[in-house]
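One letter stands for each residue in the lines below.
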Amino acid sequence: MTKVLDKQTQNFKLTKEQELLQRTIKEIANEKFKEKAKEIDKSHKFPRENFKLLSELGITGLTIPEEYGGSGLDTISYAIVIEELAKVCATTSVIMSVHLSLCSKPITKYGSNELKNKYLNKLATGEYLGAFCLSEPGNGSDAQAMLTKAEDKGEHYILNGTKAWITNGGEADIYIVTAQSTPVEELTRQNLPKHKGVSVFIVEKNMPGVSFGKLEDKLGIRASATCQFILDNVKVPKENLLGKEGEGFKIALSTLDDGRIGIAAQALGIAEAAYDLAQSYAKSREAFGKKIISFQAIQFMLTELATEIEAGKLLIYQAASLCDKKEKFTRHAAEAKLFCSELASRAGNIAVQILGGYGYTTEYNAERYLRDAKITEIYEGTSEIQRIVIAENIIKELTA
Ligand code: CAA
């Protein structure tokens, strides 16, 4: 317990470089993405030009090591970027979060030199956009229940199956794909759990046999392409196995640890945007002869949000800093995601409430924040899954 407290009392003041990065992204997001965020929410048009602009600024390679063409920055810098993007455009923030944490990070962490050379430079420059495929139409939270199969054919694997809810689906060039490479019957015979038969593969969009389902029509983050990723006898070269055979489930879960910091930062950005809108509206709107910010009912809503936003930020910085120190951060990433995603939904709801009728219309952004917030409680592990992860890790700490 003392160890956890020591970690929690550290100072999370941003460095000069992190502050500069934050200012730069804030300016660009406000100047280039703000107006468009409303537009693409209506049109559902994937904002490829936002990704392109971010690639010109080096953001697509933010956390990719310098030797592979990236900037090699830390996880706090990554969280700051995702947060600033989400304040303005939640769609753009999830596109970048998935590209950096769910696709580029596992290649950096588990890829052979050959794989790193093959993919990281192109992901860093933005020539390639990345995606991650774990869920399937019949399983999400129960990630082990996957049906996608990989058959070892000597020189290559043959992959068959359907992956679902793929962010950047159809738009991405590179897909990190989990599949059962040892048949479940074989594992049962050997008395091994199903996850020991899961492997991860890097699949390219243009490989014969890859196709995509229809774009999902979503409540929020409406312009981030989400669809099924279908594998029909896709021939994947042996070298595209990421990590070792049978270690894929752990690779996928540890990748989600990284991803959850990004989703927490996305949720925090949405919460801050909702708070900023609600408080600025409350300062100008009058009722009963007073600005509505002078009513305690409004103040209490805003002060709770302001306090929770600070708390959420610290949870994210703590998880990110443990990740950078290469310490265990599974529990901390889950705590940050759980707290910030539920905060984002509350903040969106409060913004709509404070703006009243105006909040319910598309004239203001409050209703968009509420719609965009909801998914952060679902993807990369629902709030219920985060509670399970936190509980399991607390039990492990208590019994260690
Ligand atoms: N890192 C590495 N390994 C881990 C791990 C972690 N964080 N957590 C568990 N493991 C290991 C365990 O140690 C265990 O290995 P051993 O048997 O060798 O000890 C193995 O993984 C299996 O662990 P569990 O028995 O705990 O696994 P489980 O089947 O009970 O599942 C779970 C645990 C937490 C529920 C997990 O399935 C989970 O996180 N589910 C949610 C999945 C999810 O987040 N899906 C979102 C998909 S991505 C997305 O949203 C799309 C997008 O594009 C944004």
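Conventions we followed
Residues numbered from 1 in each chain as written. Predicted model: local features only at pLDDT ≥ 70, side-chain atom pairs only at ≥ 80, totals over all residues. Heavy atoms only, no water. Helix = DSSP H or I, 4+ residues; strand = E, 2+ residues; numbered from the N terminus. Buried < 20%, exposed > 50% of the residue type's maximum accessible area, 1.4 Å probe, protein only. Near = heavy atom within 4 Å. Polar contact = N/O pair within 3.5 Å; in protein donor to acceptor, adjacent residues only side chain to side chain. Areas by Shrake-Rupley, 256 points an atom, 1.4 Å probe, with all protein chains shown as cover. Domains from an automatic or database assignment. Buried area = accessible area lost by both parts, 1.4 Å probe. Salt bridge = Lys/Arg side-chain N within 4 Å of Asp/Glu carboxyl O. Nonpolar A, V, L, I, M, F, W, Y, C, P; charged D, E, K, R; others polar. Axes fitted to C-alpha atoms, helices over the stretch in contact; angles between N-to-C directions. Parallel < 35°, antiparallel > 145°, perpendicular 65-115°, else oblique. Left-handed = near helix turned anticlockwise from the far one by under 90°. Contact = heavy atoms within 4.5 Å. Expected span 1.5 Å × (residues − 1). Phe/Tyr/Trp six-rings, centres within 6.5 Å; stacked < 30°, edge-to-face > 60°. Lys NZ or Arg CZ within 6 Å of the ring centre and 35° of its normal. Pairing = 2+ DSSP bridges.

Participant: I would appreciate a short explanation of unusual backbone geometry in the present structure.
Facilitator: The phi angle of most residues is negative, glycine excepted, and most peptide bonds adopt the trans form. If you check the backbone angles, asparagine 191 has positive phi at about 60° while not being a glycine. Tracing the backbone through its elements, the reader meets asparagine 191 in the loop between α7 (184-189) and β5 (198-204). The backbone of isoleucine 221 shows a phi angle near 30°, a positive value even though the residue is not glycine. Within the secondary structure layout, isoleucine 221 lies in the loop between β6 (210-212) and β7 (226-237). Residue classification places isoleucine 221 among the buried residues on the basis of a relative accessible area of 2%.

Participant: Honestly, the site of the ligand in this entry has me stumped. Any pointers?
Facilitator: Inspection of the region around the ligand gives 23 residues, with Ser141, Gln144, His195, Lys250 and Glu380 positioned closest. One of the side-chain nitrogen or oxygen atoms of threonine 167 is found 2.9 Å away from an oxygen atom of the ligand. When the ligand is considered free in solution it has 1100 Å² of accessible area, and contact with the protein chains removes 75% of it. Sorting the residues of the shell around the ligand by element identifies β3 (156-167), α8 (248-284) and α12 (383-399) as the ones contributing at least two each.

Participant: What is the right way to read the domain arrangement of the protein chain from this model?
Facilitator: Interface extent is often summarised as the accessible area lost during association of the parts. The domain architecture assigned to the protein chain consists of domain 1 (2-129), domain 2 (132-249) and domain 3 (255-399). Put simply, the middle of domain 2 and the middle of domain 3, counted by C-alpha atoms, are 31 Å apart. Roughly 670 Å² of surface becomes buried between domain 2 and domain 3 when both sides are summed, with 72% attributable to carbon and sulfur atoms. Taken together, the connections running from domain 2 to domain 3 amount to zero salt bridges. Applying the counting rule to domain 2 against domain 3 returns two residue pairs in polar contact (both at pLDDT 80 or more). Of the residues in the side of domain 2 that touches domain 3, the class split is four nonpolar, two polar and one charged.

Participant: Just checking my understanding: could you explain the pattern of salt bridges for this structure?
Facilitator: Any two side chains of opposite charge can pair, given that their charged atoms come close. Counting across every chain of the model gives 25 salt bridges. A salt bridge links lysine 36 to glutamate 49; the shortest N-O distance between them is 3.4 Å. Within this pair, whereas lysine 36 is found in helix α2 (residues 16-43), its partner glutamate 49 is found in helix α3 (residues 48-56), the two being separated by 13 residues in sequence. On the basis of relative accessible area, lysine 36 is assigned to the buried category, the value being 18%.

Participant: Any chance you could explain the packing of α8 against helix α9 (residues 296-324) here in plain terms?
Facilitator: Packed helix pairs are characterised by how far apart their axes lie and by the angle those axes make with each other. Two elements in contact, α8 and α9, have axes whose closest approach is 10 Å; the angle formed by their N-to-C orientations is 155°. It follows from the interaxial angle that α8 and α9 lie roughly antiparallel. The two elements α8 and α9 cross, and the hand of that crossing is left-handed. Together, Asp258, Ile261, Ala264, Ala265, Leu268, Ala271, Glu272, Tyr275, Ala278, Gln279 and Ala282 of α8 and Ile298, Leu302, Leu305, Ala306, Ile309, Gly312, Lys313, Ile316, Ala319, Ala320 and Cys323 of α9 make up the contact between the two elements.

Participant: Can you walk me through helix α10 (residues 330-355) in this structure?
Facilitator: Three- or four-residue spacings in an α-helix give side chains the same orientation, since the helix completes a turn every 3.6 residues. With 26 residues, α10 extends 37 Å between its outermost C-alpha atoms, agreeing within 8% with the 38 Å of an ideal straight helix rising 1.5 Å per residue. Positioned one or two residues after α10, glycine 356 has a phi angle of 60°, which is positive.

Participant: I keep staring at the environment of glutamate 216 and nothing clicks. Help me out?
Facilitator: Along the chain, the position of glutamate 216 falls in the loop between β6 and β7. Remark: the alpha-carbon pair of glutamate 216 and cysteine 227, spanning 11 residues in sequence, is separated by 5.7 Å. Among residues more than four places away in sequence, those in contact with glutamate 216 are Trp165, Thr226 and Cys227. Polar contacts involving the side chain of glutamate 216 include one to the side chain of lysine 214, which spans 3.3 Å.

Participant: I would appreciate a short explanation of the packing of aromatic side chains in the present structure.
Facilitator: Here the distance between the centres and the angle between the planes together describe a pair of aromatic rings. Going through the model one piece at a time under the given rule, you end up with 10 aromatic pairs. With centroids separated by 6.4 Å and ring planes inclined at 40°, the aromatic side chains of tyrosine 119 and tyrosine 128 adopt a geometry described as tilted. Just as tyrosine 119 is buried, tyrosine 128 falls in that class too. The cationic tip of lysine 238 hangs over the ring face of tyrosine 157; the distance from NZ or CZ to the ring centre is 5.1 Å.

Participant: Teacher, can you tell me more about the packing of α10 against α12 here?
Facilitator: One can describe the packing of α10 onto α12 by two numbers: an axis separation of 9 Å at closest approach and a directional angle of 145°. Our pair here, α10 against α12, has a crossing hand that is left-handed. Facing α10, whose interface residues are Thr330, Arg331, Ala334, Glu335, Lys337, Leu338, Ser341 and Glu342, α12 presents Ser383, Gln386, Arg387, Val389, Ile390, Asn393, Ile394 and Glu397. Here the contact of α10 with α12 is composed, by residue class, of five nonpolar, five polar and six charged.

Participant: Help me understand the side chain of glutamate 83, please; the structure alone is not making it clear to me.
Facilitator: By the secondary structure assignment, glutamate 83 is in helix α4 (residues 75-88). Ignoring any residue separated from it by four or fewer positions in sequence, one finds glutamate 83 in contact with Ala265, Leu268, Gly269, Glu272, Lys313 and Tyr317.

Participant: Can you help me understand the pairing of strand β4 (residues 174-180) in this one?
Facilitator: The side chains of a regular strand alternate between both faces of the sheet. In terms of burial, β4 is largely enclosed, as seven of its seven residues are buried. Of the two faces of β4, the one holding Ile174, Ile176, Thr178 and Gln180 and the one holding Tyr175, Val177 and Ala179 are both buried throughout. Here four bridges tie strand β1 (residues 130-133) to β4, and the two strands are oriented parallel to one another. Its bridge partner being in β4, alanine 131 is matched across the sheet by tyrosine 175.

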